[in-house]
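Commentary on secondary and tertiary structure
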Amino acid sequence: MESDIASSLIQAGPLGAIILALGIAYWRQGTELRATQDKRVEDAKKVADTLLDLNDKWNATVVSLTAAVNELKTAVEARRR
């Protein structure tokens, strides 16, 4: 069917050939756009994963520091008694 359309456009003369060339260029550009978009989505996922990992490490650090502060507080209160 696509070859029938191409043949019809080519038989229509220069305008048909131009329409065919533009159609092919449009299709190629769409294919490249989808490939680029897929790569950007993959990059965004990597960034999100990195941020989540950093957030987990940050939270673990805050928990550790909070525990250390509480231990110091307890030790100071024990010495005051």
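Everything in this summary refers to the structure shown in the same document. (Residues numbered from 1 in each chain as written. Predicted model: local features only at pLDDT ≥ 70, side-chain atom pairs only at ≥ 80, totals over all residues. Heavy atoms only, no water.)

1. Observations regarding the pattern of salt bridges
This structure, assessed with the given rule, holds three salt bridges. Notably, a salt bridge pairs Glu-42 with Lys-46, separated by 3.7 Å at the nearest N-O pair. With Glu-42 and Lys-46 both in helix H2 (residues 14-80) and four residues apart, the pair spans about one turn of that helix. Residue Lys-57 pairs with Asp-53 through a salt bridge whose shortest N-O separation is 3.5 Å. Pair noted here: Lys-57 and Asp-53 are both in helix H2, with a separation of four residues, about one helical turn. A relative accessible area of 37% means that Asp-53 is categorised as partly exposed. (Salt bridge = Lys/Arg side-chain N within 4 Å of Asp/Glu carboxyl O. Helix = DSSP H or I, 4+ residues; strand = E, 2+ residues; numbered from the N terminus. Buried < 20%, exposed > 50% of the residue type's maximum accessible area, 1.4 Å probe, protein only.)

2. What about the environment of Val-76?
Along the chain, the position of Val-76 falls in helix H2. Residues Val-76 and Lys-45, 31 residues apart in the sequence, show an inter-C-alpha distance of 46 Å.

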